[in-house]
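Chain by chain, the residues run as shown.
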Amino acid sequence: MAKKSFVKKMFSEIAGDYDKLNRIISLNLDLRWRKKAVKLTGKRELVLDICAGTGDMAMIYAQDTIPPKVIVLVDLSPEMLKLAKQKLSEISTKTKSLFIIADGESLPFQSELFDGVIMGFALRNLENIPKFMAELDRITKDNSEMVFLDIAHPENKMVSKLFYLYFYKFVPFFTKFITGKDYAYRYLPSSLRIFYKQKEFIKLLNELGFQDVSYQNILTGIGAIYRIRKRLERK
Ligand SMILES: C[S@@+](CC[C@H](N)C(=O)[O-])C[C@H]1O[C@@H](n2cnc3c(N)ncnc32)[C@H](O)[C@@H]1O
């Protein structure tokens, strides 16, 4: 099965358990990391939450002290987005939210529409990163900010050893125990294992023509937040 179909099927199947597992696996830290990523995105009008899943990035942004006017949540999985819609309808916010089932590598939007993009924990799930980045570049205005949060590769040896032990051994074991569906959470560590290290990902973005690119590690690199500016000249 192609990666995209597999990812869509997997997230659709685990949608109901997704939030609970996120909180347990991250020991509740993901919420704090999400807030940090949202703060870096700053004051924006029209934001795309790409690969939005159950909508946690959008929820935090909508409840921020400087919320955007509109957040558009896009995901491949209708089941994940359905939960996002439910959750966003239950919070108090002035931000309007829209929900669109679509592929991030082929977005149904006109060019230069958004002034901000956020993405949480989805980089490793993408099939074709150059295509995805070209789409984000196309649909964003000049001076847009793109902020991606994801788990990453710790850059401290000791933390790295402990993290891999936790992530590769413990997490798949107990998620199987909770959900009864271990394949999804065996996928989680393997998706990270083959994903770029932070510096490699920055190098790739530079090669794709994104010039103003940076990252900051969280807890020495257990997580990372990437900040990317739109390409100055189209390739
Ligand atoms: C790990 S979840 C992250 C959900 C959410 N952003 C969060 O912060 O919790 C990854 C999400 O990306 C979605 N996804 C993966 N590839 C996609 C693509 N090409 N286009 C749109 N959504 C995609 C999946 O359906 C899934 O909901």
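Residues numbered from 1 in each chain as written. Predicted model: local features only at pLDDT ≥ 70, side-chain atom pairs only at ≥ 80, totals over all residues.

Novice: Any chance you could explain the overall build of the protein chain here in plain terms?
Specialist: Within the protein chain, the secondary structure is distributed over eight helices and seven strands. If one aligns the C-alpha atoms of the protein chain with their principal axes, the spans along those axes are about 45 × 40 × 40 Å. Restricting the contact set of the protein chain to residue pairs at least 6 apart, pairs at least 24 apart contribute 72%. (Helix = DSSP H or I, 4+ residues; strand = E, 2+ residues; numbered from the N terminus. Contact = placed C-beta atoms within 7 Å.)

Novice: For this particular structure, what's the right way to read the pairing of strand E3 (residues 96-101)?
Specialist: Within a regular beta strand, the side chains point alternately toward one face of the sheet and then the other, so they alternate between its two faces. As paired strands, strand E2 (residues 70-75) and E3 are joined by six bridges and run parallel to one another. Paired with Asp75 across the strands is Ile101, a residue of E3. Following the backbone out of E2, through helix H4 (residues 78-89) and into the adjacent parallel E3, one traces a crossover that is right-handed. (Pairing = 2+ DSSP bridges. Right-handed = clockwise from strand over helix to strand, strands pointing away.)

Novice: I keep staring at the pairing of strand E1 (residues 46-50) and nothing clicks. Help me out?
Specialist: Burial analysis of E1 places four of its five residues in the buried class, which makes it a mostly covered element. Pairing geometry for E1 and E2, over five bridges, is parallel. Considered in E2, the bridge of Leu46 is made with Val70. Viewed along the sheet, the connection from E1 through helix H3 (residues 56-62) into E2 turns out right-handed. When E1 meets strand E4 (residues 114-120), the two strands line up parallel, connected through three bridges. The residue bridging Val47 from the neighbouring strand is Gly116, located in E4. (Buried ≥ 20, exposed ≤ 12 C-beta atoms within 10 Å, placed from the backbone.)

Novice: For this particular structure, what's the right way to read the site of the ligand?
Specialist: Near the ligand, the surroundings consist of 22 residues, among which Cys51, Gly53, Ser77, Gly104 and Gly120 are the closest. Considering each element in turn, the shell around the ligand owes the most residues, four residues, to helix H1 (residues 3-25). Each residue belonging to the shell around the ligand can be placed in one class, and the counts come to 11 nonpolar, five polar and six charged. (Near = placed C-beta within 6 Å. Nonpolar A, V, L, I, M, F, W, Y, C, P; charged D, E, K, R; others polar.)

Novice: Before we go on, may I ask you to explain the sheet that holds strand E6 (residues 213-218) in this structure?
Specialist: Within the open sheet, the seven strands sit side by side as E3-E2-E1-E4-E5-E7-E6. Their pairing is mixed. Both outer strands of the open sheet, E3 and E6, are each paired with one neighbouring strand and no more. On average, adjacent strands in this sheet sit at an angle of 15 degrees to one another, irrespective of strand direction. Pairing of E4 with strand E5 (residues 140-151) involves six bridges; the strand directions are parallel. Counted as the bridge partner of Val117 is Met146 from E5. Each of E4, E5, E6 and strand E7 (223-229) is contacted by helix H2 (residues 29-41), which is oriented at about 165 degrees to E5, the strand it contacts most. Here helix H8 (residues 198-207) sits on the sheet and contacts E6 and E7; the angle it forms with E6, its principal contact strand, is near 165 degrees. (Axes fitted to C-alpha atoms, helices over the stretch in contact; angles between N-to-C directions.)

Novice: Honestly, helix H6 (residues 157-179) in this entry has me stumped. Any pointers?
Specialist: The α-helix advances 3.6 residues per turn, and as a result positions three or four apart in sequence lie on the same side. With 23 residues, H6 extends 32 Å between its outermost C-alpha atoms, agreeing within 8% with the 33 Å of an ideal straight helix rising 1.5 Å per residue. By the largest-angle criterion, Phe170 marks the main kink of H6, which is about 40 degrees, and a proline, Pro172, follows within four residues. Directly beyond the C-terminal end of H6, a positive phi value near 75 degrees is found at Gly180. (Expected span 1.5 Å × (residues − 1). Bend = angle between axes of the 7 residues up to and from the residue.)

Novice: Looking at this structure, how should I read the nonpolar core?
Specialist: Generally speaking, soluble globular proteins have nonpolar side chains that are buried together. Within the largest apolar cluster, 55 residues are counted, with the highest numbers of intra-cluster contacts made by Ala52, Ala58, Tyr61, Leu73, Val117, Ile118 and Met119. Broken down by element, this core gets its largest block of residues, six residues, from H3. Apart from residues no more than four positions distant in its own chain, Val117 is found in contact with Val47, Leu48, Ile50, Leu136, Thr140, Ser144 and Met146. (Core = buried A, V, L, I, M, F, W, Y, C linked by C-beta atoms within 7 Å.)

Novice: What is the right way to look at the packing of H1 against H6 in this model?
Specialist: Helix packing geometry: the angle between the two helix axes and the distance between the axes. One way to put it is that H1 packs onto H6 with a least axis distance of 11 Å and a crossing angle of 135 degrees. Comparing their axes, H6 and H1 come out oblique. The interaxial crossing formed by H1 with H6 has right-handed handedness. Counting all contacts with H1, which are made through Ile14, Asp17, Leu21 and Ile25, the residues of H6 involved are Val171, Thr175, Ile178 and Thr179. Taken together, the residues of the contact of H1 with H6 break down into five nonpolar, two polar and one charged. (Parallel < 35°, antiparallel > 145°, perpendicular 65-115°, else oblique. Left-handed = near helix turned anticlockwise from the far one by under 90°.)

Novice: Whenever I open this one, helix H5 (residues 129-139) confuses me. Can you help?
Specialist: Taken together, the buried positions of H5 are occupied by Phe132, Met133, Leu136, Asp137 and Ile139. Check the buried side of H5 and you find it contacts E4 and E5.

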